[in-house]
Each structure stands twice: as structure tokens, then as C-alpha cells.
Amino acid sequence: DVKVTQSSRYLVKRTGEKVFLECVQDMDHENMFWYRQDPGLGLRLIYFSYDVKMKEKGDIPEGYSVSREKKERFSLILESASTNQTSMYLCASRPSGGLSGGEQFFGPGTRLTVL
Amino acid sequence: AQSVTQPDIHITVSEGASLELRCNYSYGATPYLFWYVQSPGQGLQLLLKYFSGDTLVQGIKGFEAEFKRSQSSFNLRKPSVHWSDAAEYFCAVVLNFNKFYFGSGTKLNVKP
């Protein structure tokens, strides 16, 4: 089974702190994604990466950056956390290639609270 | 602009009753369509997907969905709901495989 793990299930940080959210997948997938999930808004794409050291902005990249130094690991960075970044963060991965590569596999999520 | 609409925020059904969750999308061509389920405190799990071919798609846990091009809909159905189906359900449309657009979700409650 594909496994996507996230470093923390719950995280509490203070305004202005630098925050790192880590995601690791064990199936050699080329593509990895970071979403945030807020009630009534569904999932919104922050960033994705289609290869090591490659990244693309999603729909809401402001206030975030990402790092992908190794294929299996995709990090989301909040340079200076703010209260409006309190949310559930979901990581996902997907293999490249045709129709069979369509599905995204999700981690369990990190619930971040910024005080 | 691409959009996915799930008009029902909350739905409550009795255990054993049938279920239909609605999903509509706006996109010029026939997109790839997905339904995911999220149990409390968990990530998203794929229920089923539609790429092409037969418009009635079978998924896991007894769910099915029907793609109707004329209505731009991809509604999720289950003939008999179980208490373990209580969760939040998300419809998603794929522009390309790296751009998923998710609906806002429908929370399903199941009455005993």
C-alpha cells in the first residue's frame, strides 16, 4: 500500500515563528502536493512538485514556501506564521504517467494552530 | 474558471436508507472526476474515479457514481447506508493531473 506520512498530527505555534511541515511518501512518486483544508472551502492547493528541486505554485501560495531535496520528502514552510494560517494541512503524492496515475494518495493531515 | 459545486453542506440519512450526494462542475471539456471520503481526523481516501467509458462507475464500500455530461454532474450514490459511512465526502475535478479542484465537501450523518 502507498503510504504518505506527515511529521505531526497536531502542531501549535506562535505568531511569527518559522514552521516546517514534513511529508514523506514511500512509493517513489514523482509528484507531491500540499493542500490546506478549511471548513466550507474544501481543499486548496498551496504548492506542488513534479520532481526533485522542482516546484509550482498552486492557488494560494502566499505566505508559504516549499522544499523538495529528495524524491520522497516534500516540506511546507511557513516563514512567519500568522493566525490566518491556522488550518488543516494535507500532503498528497501521485505517480506520473497516464490514466492510472490520476489518483492522489493523501497523508493523515497536520492540524496547525497559530496563536 | 474551473469550479466544483457540492450544494449540500450537511446531509442526514437513516441507517439502511439510500444516499445520493450531488456534485456539479463547470469545465468546457469532459474532465476526470473523483470522489474522496474523509473520516474524522483522517486524510482522504479515494472512493471511485471516472476517466472515460461507462458513465456508471463502481467504487469501494458499495458506492457508485454516475457521470451525466448533459447536466455536468457526477453524483455519488449508495443503496443502503451503514453507520460507518458517516464522514465528509469530496468531489474533485482534474484539469490536469497536477491540478485537482475540490468541492467544499458534504458531511454525512447517519441516524441509527
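1. A closer look at the sheet that holds strand β8 (residues 73–78) of chain A
All names here are of chain A.
- The strand order across the open sheet built from four strands is β1-β3-β8-β7, with neighbouring strands paired in antiparallel fashion. At either end of the open sheet lies a strand with only one pairing partner, and these are β1 (4–6) and β7 (64–70). Across the sheet, the mean angle separating the axes of adjacent strands is 20° when strand polarity is ignored.
- Bridge count between β7 and β8: five bridges; the pairing is antiparallel. Counterpart to valine 66 in the pairing with β8 is leucine 76.

2. Some points on the interface of chain B and chain A
- Across the boundary between the two partners, chain B contributes 21 residues, which contact 25 residues of chain A.
- Each partner contributes to the roughly 1800 Å² buried at the junction of chain B and chain A, and carbon and sulfur atoms together form 54% of this total.
- Counting every contact that joins chain B to chain A gives zero salt bridges.
- Summed over the shared surface of chain B and chain A, the number is three residue pairs in polar contact (both at pLDDT 80 or more).
- When residues of the side of chain B that touches chain A are traced back to their parent elements, those giving at least two are β5 (32–38), β6 (44–50), β10 (87–96) and β11 (99–102) of chain B.
- When its residues are assigned to classes, the side of chain B that touches chain A shows 11 nonpolar, seven polar and three charged.

3. Some points on the pattern of salt bridges
Residues and elements named next belong to chain A.
- Applying the stated criterion across every chain yields a total of 11 salt bridges over all chains.
- In this structure, the salt-bridge partner of glutamate 30 is lysine 71, at a minimum N-O distance of 3.8 Å. In this pair, glutamate 30 sits in the loop between β3 (19–25) and β4 (31–38) while lysine 71 sits in the loop between β7 and β8, placing the two residues 41 residues apart along the sequence.
- For glutamate 30, a relative accessible area of 27% gives the class partly exposed.
- For lysine 71, a relative accessible area of 26% puts it in the partly exposed group.
- The structure contains a network of salt bridges with shared partners spanning Asp28, Glu30 and Lys71.

4. Observations concerning the environment of B:Lys111
Residue and element names in this part refer to chain B.
- Turning to its location among the elements, lysine 111 is positioned in strand β12 (residues 106–111).
- Residue classification places lysine 111 among the partly exposed positions, given a relative accessible area of 44%.
- As for lysine 111 and alanine 92, which are separated by 19 residues in sequence, their C-alpha atoms are 27 Å apart.
- Apart from residues no more than four positions distant in its own chain, lysine 111 is found in contact with Thr12, Val13, Ser14 and Glu15.

5. Considerations on the side chain of B:Glu64
All names here are of chain B.
- Along the chain, glutamate 64 falls in strand β8 (residues 64–68).
- Residue classification places glutamate 64 among the buried residues on the basis of a relative accessible area of 19%.
- A polar atom in the side chain of glutamate 64 sits 3.1 Å from the side chain of glutamine 58.
- In this structure, glutamate 64 is in contact with Leu48, Leu56, Val57, Gln58, Asn75, Leu76 and Arg77, ignoring residues within four places of it in sequence.

6. Some details on the nonpolar core
- Of all hydrophobic cores here, the largest spans 27 residues; its most connected members are B:Leu19, B:Trp35, B:Leu47, B:Leu48, B:Phe74, B:Leu76 and B:Tyr89.
- Counting residues per element, this core draws most heavily on β10(B), which supplies four residues.
- By size, the runner-up hydrophobic cluster in this structure holds 20 residues, among which are A:Val19, A:Tyr89, A:Leu112 and A:Val114.

7. Considering the state of the cysteines
Residue and element names in this part refer to chain A.
- Applying the stated criterion across every chain yields a total of two disulfides over all chains.
- Disulfide partner of cysteine 23: cysteine 91, at an S-S distance of 1.8 Å. Note on the cysteine 23 and cysteine 91 pair: the S-S dihedral is about -80°, so by sign convention the disulfide is left-handed. Note that cysteine 23 is positioned in strand β3 and cysteine 91 in strand β9 (residues 87–94), a separation of 68 residues in sequence. Of the two residues, cysteine 23 and cysteine 91, neither departs from the other in class, the shared state being buried.

8. Overview of the environment of A:Pro61
Residues and elements named next belong to chain A.
- Looking at the element boundaries, proline 61 is found in the loop between β6 (54–57) and β7.
- Assessed through its relative accessible area of 9%, proline 61 is described here as buried.
- Residues proline 61 and leucine 90 lie 29 residues apart in sequence; the distance between their C-alpha atoms is 14 Å.
- In contact with proline 61, not counting residues within four places along its chain, are Ile46 and Tyr47.

Quick notes on the rules
- Residues numbered from 1 in each chain as written.
- Chains lettered and ligands numbered in written order.
- Predicted model: local features only at pLDDT ≥ 70, side-chain atom pairs only at ≥ 80, totals over all residues.
- Heavy atoms only, no water.
- Pairing = 2+ DSSP bridges.
- Helix = DSSP H or I, 4+ residues; strand = E, 2+ residues; numbered from the N terminus.
- Axes fitted to C-alpha atoms, helices over the stretch in contact; angles between N-to-C directions.
- Contact = heavy atoms within 4.5 Å.
- Buried area = accessible area lost by both parts, 1.4 Å probe.
- Salt bridge = Lys/Arg side-chain N within 4 Å of Asp/Glu carboxyl O.
- Polar contact = N/O pair within 3.5 Å; in protein donor to acceptor, adjacent residues only side chain to side chain.
- Nonpolar A, V, L, I, M, F, W, Y, C, P; charged D, E, K, R; others polar.
- Buried < 20%, exposed > 50% of the residue type's maximum accessible area, 1.4 Å probe, protein only.
- Core = buried A, V, L, I, M, F, W, Y, C linked by side-chain atoms within 4.5 Å.
- Disulfide = S-S within 2.5 Å.

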